[in-house]
Amino acid sequence: DTEVTQTPKHLVMGMTNKKSLKCEQHMGHRAMYWYKQKAKKPPELMFVYSYEKLSINESVPSRFSPECPNSSLLNLHLHALQPEDSALYLCASSQVLRGLYNEQFFGPGTRLTVL
Amino acid sequence: AQTVTQSQPEMSVQEAETVTLSCTYDTSESDYYLFWYKQPPSRQMILVIRQEAYKQQNATENRFSVNFQKAAKSFSLKISDSQLGDAAMYFCAYKGDDKIIFGKGTRLHILP
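Residues numbered from 1 in each chain as written. Chains lettered and ligands numbered in written order. Predicted model: local features only at pLDDT ≥ 70, side-chain atom pairs only at ≥ 80, totals over all residues. Heavy atoms only, no water.

Novice: Describe the overall build of chain A, with residues and values.
Specialist: Scanning chain A for helices and strands turns up zero helices and eleven strands. The order of helices and strands in chain A, counted from the N terminus, is β-β-β-β-β-β-β-β-β-β-β. For chain A, the C-alpha radius of gyration of 13 Å lies close to 13 Å, the compact-globule estimate for 115 residues. Put simply, chain A has 115 residues, and 48% of those count as buried. Look at the contacts in chain A between residues 6 or more apart in sequence, and 55% of them connect residues 24 or more apart. Here chain A displays about 5500 Å² of accessible surface, and carbon together with sulfur accounts for 51% of that area. (Helix = DSSP H or I, 4+ residues; strand = E, 2+ residues; numbered from the N terminus. Rg over C-alpha atoms; globule rule 2.2 N^0.38 Å. Buried < 20%, exposed > 50% of the residue type's maximum accessible area, 1.4 Å probe, protein only. Contact = heavy atoms within 4.5 Å. Areas by Shrake-Rupley, 256 points an atom, 1.4 Å probe, with all protein chains shown as cover.)

If you want it as structure tokens, here you go:
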């Protein structure tokens, strides 16, 4: 199984809502990533978990809250978002974080719209 | 800090023809990997090809090959016999010891 799955595929939320994005992989990878991607732009790294611990936080606003309950799951909790947060949110995983050769496997993404 | 530059925002190629996408990068590291990722419209990002910096031989995957010039810090992607399914956004990416750095992407159109 070389797949990263993400739910939901699409999400529409108001600025006062609380929602969560979910990501799952069963490849035994110990590094998992959240990216934000705007249309026609490259993915922007948000968070990295390595062995279930937060290793990289790219100065993301606190209205985004990541969580890694176990080695297979990654969540992104959303609260009080702004319309400019509307984007495609990609999850990825790799065998480990450090080291040269670590191909990242990407999920299909969650298309988020904030009204 | 490492940077990745893709100078061609969009390109078009006739079906069955060959096209080359350019990528340059800047780094002070001696060991690293370079990748080309493909992201079709509304579809998943997938790895097309990878190149280890310590290998002089250019990587090849079926119709996809790279021209890796380490001294010039250049890493171009050649697609031979272009097919309609090759239409996508292509991202060049650099990986040292830490996170991946993506270029801004090149949107490739395939003309039937």
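Novice: Can you explain the packing of aromatic side chains? Please cite residues and give values.
Specialist: The description of two aromatic rings rests on the distance between their centres and on the angle between their planes. By the definition in use, this model includes 15 aromatic pairs over all chains. On the basis of an interplanar angle of 65 degrees and a centroid distance of 6.3 Å, the ring pair of F106(A) and F102(B) is categorised as edge-to-face. One end of the pair, F106(A), is in strand β10 (residues 105-106); the other, F102(B), is in strand β11 (residues 100-102), on a second chain. For F106(A), a relative accessible area of 4% translates into the label buried. The class for F102(B) is buried, based on a relative accessible area of 10%. Here Y25(B) and Y94(B) contribute two aromatic rings whose centre-to-centre distance is 6.2 Å and whose plane-to-plane angle is 35 degrees, an arrangement assigned as tilted. Of the two residues, Y25(B) sits in strand β4 (residues 24-26) while Y94(B) sits in strand β10 (residues 88-95), which places them 69 residues apart along the sequence. (Phe/Tyr/Trp six-rings, centres within 6.5 Å; stacked < 30°, edge-to-face > 60°.)

Novice: I'd like a rundown of the state of the cysteines, residues and numbers included.
Specialist: Scanning the model with the defined rule gives two disulfides over all chains in all. In this model, C23(A) is linked to C91(A) through a disulfide, with the two sulfur atoms separated by 1.9 Å. The sign of the S-S torsion, about -70 degrees, decides the handedness of the disulfide formed by C23(A) and C91(A): left-handed. Within this pair, whereas C23(A) is found in strand β3 (residues 18-25), its partner C91(A) is found in strand β9 (residues 87-94), the two being separated by 68 residues in sequence. Relative accessible area serves as the criterion here: at 0%, C91(A) is assigned to the buried category. Here C23(B) is linked by a disulfide to C92(B), with a sulfur-sulfur distance of 2.0 Å. Its S-S torsion of about -70 degrees marks the bond between C23(B) and C92(B) as left-handed, since a negative value means left-handed. (Disulfide = S-S within 2.5 Å.)

Novice: How would you explain the interface of chain A and chain B if you had to name every residue and give the values?
Specialist: Residue-level contacts link 23 residues of chain A with 21 residues of chain B. Carbon and sulfur atoms make up 57% of the area that chain A and chain B hide from each other, which totals about 1900 Å². In this structure, the connection of chain A to chain B is made through two salt bridges. Linking chain A with chain B are six residue pairs in polar contact (both at pLDDT 80 or more). (Buried area = accessible area lost by both parts, 1.4 Å probe. Salt bridge = Lys/Arg side-chain N within 4 Å of Asp/Glu carboxyl O. Polar contact = N/O pair within 3.5 Å; in protein donor to acceptor, adjacent residues only side chain to side chain.)

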